[in-house]
Amino acid sequence: MRTDYFLLGEIPNERLFLEPRNLRTLGIRAFSGDNAIIGSDVQDWASYEKCTFAELRLPVSTFEQLVLLAKRDVNVIKHLLDKKFSETITVSPAAGVEFALSFYNDINIIFGEKGTGKSRILASINEYLLNQGRNPQYYEGSKREENLSALLDKSDMVQSASILGVDNTSDKIAIIDSWEEPGVTLLKEYCNWYRTSGFDDAKVKMKIAKMTGLGVPDEQMYNETLDDLDQMGTITKAIKKVSVGNYLSPDDQAELRRILASLSAAVKLAAKKEFVEVESQNLANFTIEKIKALVAGNKGSIPIPVTTGFEEYACSRLKLANAVQTLKEGLETPPYSSREFLGPLDDKGNIYIVSTWSFWSDKSEKADYPRTGTKVSEAAGALRNCAKHSIKADYLSYVGKLKEALGDLEAKSLDCFVGTNRTIALESGEKYQPSNGEKGILLLRRALDSESSVYLIDEPELGMGNSFIEDSIRPKLLELSRQHRTVIVATHNANIAVRTLPYCTIYREHVGNNVYRTYCGNPFTDSLVDIDNPDNKRNWTETSLRTLEGGREAFDERGSIYDAADNQGVA
């Protein structure tokens, strides 16, 4: 203690380095006007690399600079600040008002009274950067509700059955839409043929008069080869877009071309063969029918019916039933979900944005199907009823209702039966509705954790506890500053505005009668200078105390209470 008094008494105009009881005491002394620099003491040099050291916000390179920094030498501070990159941007705190400000690739703070245009300044910086093609991270504390809603907006979610791994089955919808039940040959037509079969003895001798059709051609293989032919075209186009020379040797490239050409030729040959098979049968049926009509002549003889019609009737019914069943099975496909990490909540764990695609079911919500929810429900119900009653006598009535429902929905594929939903969920998948404060925490952490060269943070303290600001946000801002990122924060929070020791502090003052002043400075020079009148200066400490802490008296009183609590406790 004698040494302390001796130093204070003998060298009052020199610097005094002492070790405070704690960081809070150091902060109080600094706000009291003392020039303070914090250092760390290594207790065990054998484990030096494990020690944690405080950092000087300005990178001094010599002890002389350290001493001058402690004295807040303006020239030294300017020299050290000039080592940092800065960018001058024209900002606008209000309509029709513009001026230029410089920002460092470090922490920059904007503070001042309410309504002085701090948020507008950040918005104008964001607009400037976007117009330059840059992508700043922009957090607005007052808009956390609408910004989170924007993240949950599902307008970018495409209603596509392929996302669920299901073909859009447009061909099946087309079958149902155009389906009409073919008629069967009536018994009386055979009776008429038999009754008139002896009218022309010469024609009776012609065997063709009794010839029937060859039946309905099987088009399944033909359709399959056509699908394969389409796939070959898609594959060939896709491979042409790949720089195969980067991956295959000349010999392998030649072999690939040979295989593709061989496969394409084989598919084309098979498609041609099936086409000939189907059309030959159709042509034979057509020819038989025409010749028999000519044979009948004009003597009243009636040719035997080409077919009973039952095969056509059965094939048509089976084709319809297959289309309905395929669509029904498609609707039974389980939902597909993807999730995007949103951020952590201390007591809830990791939080995710979950995007879900699903076909209509009894558990679906109409909100997942904008403008068509009711129609989708009706069409899905009609489809399931049609599949359920495929062998009932009144099947045609169900088919009619299905065609009507699909027409009302304007359905061309299963895509219109796909619903989309985007929500917030816990790690377990359980849906979760965050509070307003939690929304801010998630969005702010998301912004600060995202990769960018510029971070614009507007009132991060809104809805946040001081402990979260101190334990999570302030360290993150300092981390970004060490990575030479430009961080611009508009705030009323002293922990952010003061304890980050910003390279640039911008103070907005409302003088009155719609007159505003803008000051720039920093805590290292402890001054703020009017950008329009360099002779008009303010003390950085006093201005910060008054604006952020409610004045020196309020700040000192809180400091006294904290010190009393540390030493004796508060009654």
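Our subject is the structure listed above.
This report concerns the structure included in the present document. (Residues numbered from 1 in each chain as written. Predicted model: local features only at pLDDT ≥ 70, side-chain atom pairs only at ≥ 80, totals over all residues. Heavy atoms only, no water.)

### Focus on the overall build of the chain
Note the threshold: Numbering of helices and strands runs from the N terminus; a helix is a DSSP stretch of H or I covering at least four residues, while a strand is a stretch of E covering at least two. Here, residues are in contact when the closest pair of their heavy atoms is within 4.5 Å. Here, Shrake-Rupley sampling with a 1.4 Å probe gives the accessible areas, and only protein chains in the shown set may cover a residue.
A count of helices and strands for the chain gives 19 helices and 13 strands. Summarising the internal contacts of the chain: among those between residues at least 6 apart in sequence, 67% fall at separations of at least 24. Accessible surface for the chain amounts to roughly 33500 Å². Of this, 52% is attributable to carbon and sulfur atoms.

### Observations regarding the side chain of Thr486
When you line up the elements, Thr486 lands in strand 9 (residues 486-490). When residues no more than four places from it in sequence are discounted, the contact partners of Thr486 are Phe103, Tyr104, Asn105, Asp106, Asn108, Ser453, Val454 and Tyr455.

### Quick word on helix 12 (residues 310-331)
Keep this limit in mind: To estimate the expected span of a helix, subtract one from its residue number and multiply by 1.5 Å. Whether a residue is buried, partly exposed or exposed follows from its accessible area with a 1.4 Å probe, protein chains only, as a fraction of its type maximum: under 20%, in between, or over 50%, in that order. It is the directions from the helix axis to the C-beta atoms that the arc portrays.
For helix 12, spanning 22 residues, the distance from its first C-alpha to its last is 32 Å, which sits close to the expected 32 Å at 1.5 Å a residue. Residues Ser316, Arg317, Leu320, Ala323, Val324, Leu327, Gly330 and Leu331 constitute the buried set of helix 12. The arc that holds the buried residues of helix 12, viewed along the axis, is 160 degrees, so those residues lie on one side. Exposed side of helix 12, more than 90 degrees from the buried face: Phe310 and Leu318 are the residues found there. Those residues of helix 12 hidden inside the fold are in contact with helix 7 (170-178), strand 6 (349-359), helix 13 (373-388) and helix 14 (395-409).

### Observations regarding the pattern of salt bridges
Opposite charge on two side chains lets them pair, provided their charged atoms get close. The condition is simple: By convention in these notes, a salt bridge is any Lys or Arg side-chain nitrogen within 4 Å of a carboxyl oxygen on Asp or Glu.
Inspection of every chain in the model, using the stated rule, returns 23 salt bridges. A salt bridge links Glu470 to Arg474; the shortest N-O distance between them is 2.7 Å. Note that Glu470 and Arg474 are positioned in helix 16 (residues 466-482) at a spacing of 4 residues, about one turn of the helix. Its relative accessible area of 18% is what places Glu470 among the buried residues. Judged by its relative accessible area of 13%, Arg474 is buried. Ionic pairing is found between Glu479 and Lys476, a salt bridge with its closest N-O pair at 3.5 Å.

### As for the packing of aromatic side chains
For any pair of aromatic rings, geometry is given as the distance between the ring centres together with the angle between the planes. The following threshold applies: Stacked, edge-to-face and tilted labels apply to pairs of Phe, Tyr and Trp rings (six-membered ring for Trp) whose centres lie within 6.5 Å, assigned for plane angles under 30 degrees, over 60, and everything in between, in that order.
Counted under the stated rule, the structure contains 8 aromatic pairs. Plain terms: the ring middles of Tyr222 and Phe275 are 6.0 Å apart, the flat faces sit at 50 degrees to each other, and that makes the pair tilted. Of this pair, Tyr222 sits in helix 10 (residues 220-240) while Phe275 sits in helix 11 (residues 250-296), and the two are 53 residues apart along the sequence. Judged by its relative accessible area of 40%, Phe275 falls in the partly exposed class. When the ring of Tyr503 is compared with that of Phe524, the centres are 6.0 Å apart and the planes differ by 90 degrees; the resulting orientation is edge-to-face. Note that Tyr503 is positioned in the loop between helix 17 (494-497) and strand 10 (504-512) and Phe524 in the loop between strand 11 (515-522) and strand 12 (527-530), a separation of 21 residues in sequence. Since its relative accessible area comes to 10%, Phe524 is described here as buried. One aromatic cluster in this structure is built from Tyr104, Tyr503 and Phe524.

### Some words on the pairing of strand 12
The condition is simple: Pairing between strands is defined by DSSP: at least two bridges between the two strands are required.
Across the two faces of strand 12 the burial differs, with Leu528 and Asp530 buried and Ser527 and Val529 not buried at all. The antiparallel pairing of strand 11 with strand 12 creates a hairpin that spans 4 residues between the two strands, and Asp526 there sits at a positive phi of about 60 degrees. Remark: 6 residues form the turn of the hairpin made by strand 12 and strand 13 (residues 537-539), two consecutive strands paired antiparallel.

### Re the sheet that holds strand 7 (residues 418-426)
Condition: Lines are fitted to the C-alpha atoms to define the axes, a helix being fitted only along its stretch in contact, and any angle between axes, read from their N-to-C directions, falls within 0 to 180 degrees.
Read from one edge to the other, the open sheet built from 3 strands follows the order 5-6-7, with strand pairing classed as antiparallel. Each having just a single partner strand, strand 5 (336-345) and strand 7 make up the two edges of the open sheet. Strand-to-strand twist in this sheet, taken as the mean axis angle between neighbours without regard to direction, amounts to 15 degrees. In this fold helix 15 (residues 436-449) packs onto strand 5 and strand 6, with an angle of close to 95 degrees to the strand it touches most, strand 5.

### Here we look at the packing of helix 13 against helix 14
To keep things clear, this is the line we draw: An angle below 35 degrees is read as roughly parallel, one above 145 as roughly antiparallel, one from 65 to 115 as roughly perpendicular, and any other as oblique. Crossing handedness is defined as follows: a turn of the near helix away from the far one that is anticlockwise and smaller than a right angle gives a left-handed crossing, while the clockwise case is right-handed. In this count, Pro and Cys sit with the nonpolar residues alongside Ala, Val, Leu, Ile, Met, Phe, Trp and Tyr, while Asp, Glu, Lys and Arg are called charged and the others, Gly among them, polar.
Two elements in contact, helix 13 and helix 14, have axes whose closest approach is 9 Å; the angle formed by their N-to-C orientations is 155 degrees. Relative to helix 14, helix 13 is oriented roughly antiparallel. In terms of crossing hand, the pair formed by helix 13 and helix 14 is left-handed. Here Lys375, Val376, Glu378, Ala379, Ala382, Leu383, Asn385 and Cys386 of helix 13 lie close against helix 14, whose contacting residues are Tyr395, Tyr398, Val399, Lys401, Leu402, Ala405, Leu406, Asp408 and Leu409. For the contact of helix 13 with helix 14, the class distribution of residues is 12 nonpolar, 1 polar and 4 charged.

### Overview of the sheet that holds strand 13
Spatially, 4-8-9-3-10-11-12-13 is the arrangement adopted by the 8 strands of the open sheet, whose pairing is mixed. Unpaired on one side and paired on the other, strand 4 (137-140) and strand 13 mark the two borders of the sheet. With direction set aside, neighbouring strand axes in the sheet form an average angle of 20 degrees. The pairing of strand 3 (residues 107-112) with strand 9 spans 4 bridges and is parallel. Residue Ile110 lies in a different strand from strand 9, and its bridge partner there is Ala490. Of the strands in this sheet, strand 3, strand 10, strand 11, strand 12 and strand 13 are in contact with helix 18 (residues 540-549), which crosses strand 13 at around 70 degrees.

### A look at the environment of Glu459
Here is the rule: Pairing of N or O atoms within 3.5 Å defines a polar contact, subject to two protein rules: one partner must be a possible hydrogen donor and the other a possible acceptor, and residues neighboring in sequence count only if both atoms are side-chain atoms.
Structurally, Glu459 is set in the loop between strand 8 (454-458) and helix 16. Setting aside chain neighbours within four positions, we find Glu459 in contact with Lys114, Ser119, Tyr139, Gly141, Ala490 and His492. There is a polar contact of 3.1 Å between the side chain of Glu459 and the side chain of Lys114.

### With respect to a nonpolar patch on the surface
Heads up, the rule is: Think of a patch as exposed residues, more than 30% relative accessible area, with no salt bridge, where like charges cluster within 9 Å and nonpolar side chains (Val, Leu, Ile, Met, Phe, Trp, Tyr) cluster within 5 Å.
A cluster of nonpolar side chains, namely Val242, Tyr247 and Leu248, defines an oily patch on the protein surface of about 310 Å² accessible area. With respect to the helices, strands and loops of the structure, Val242 is situated in the loop between helix 10 and helix 11.

### Thoughts on the nonpolar core
Let me state the cut-off plainly: Residues belong to a common nonpolar core when they are buried Ala, Val, Leu, Ile, Met, Phe, Trp, Tyr or Cys residues joined through side-chain atoms within 4.5 Å.
One finds Ile351, Leu448 and Leu477 to be the most contacted residues of the largest nonpolar core, which totals 38 residues. Setting aside residues up to four positions removed in sequence, Leu477 forms contacts with Ile107, Leu448, Val487, Val489, Ile496 and Thr500. Trp179, Ala379, Leu383 and Leu409 belong to the second largest nonpolar core, which has 35 residues in total.

### A few points about the packing of helix 7 against helix 14
Across the interface, helix 7 lies against helix 14 with an axial gap of 9 Å and an inter-helix angle of 120 degrees. Taken as axis vectors, helix 7 and helix 14 run oblique relative to one another. Classified by chirality, the crossing of helix 14 by helix 7 is left-handed. Together, Ile173, Ile176 and Asp177 of helix 7 and Leu402, Lys403 and Leu406 of helix 14 make up the contact between the two elements.

### A closer look at unusual backbone geometry
Of note in the backbone geometry, Glu410 takes a positive phi value of approximately 55 degrees without being a glycine. Of note, Glu410 is situated in the loop between helix 14 and strand 7. If you check the backbone angles, Asp526 has positive phi at about 60 degrees while not being a glycine. Inspection of the secondary structure puts Asp526 in the loop between strand 11 and strand 12.

By themselves, these observations are geometric and do not establish any function.
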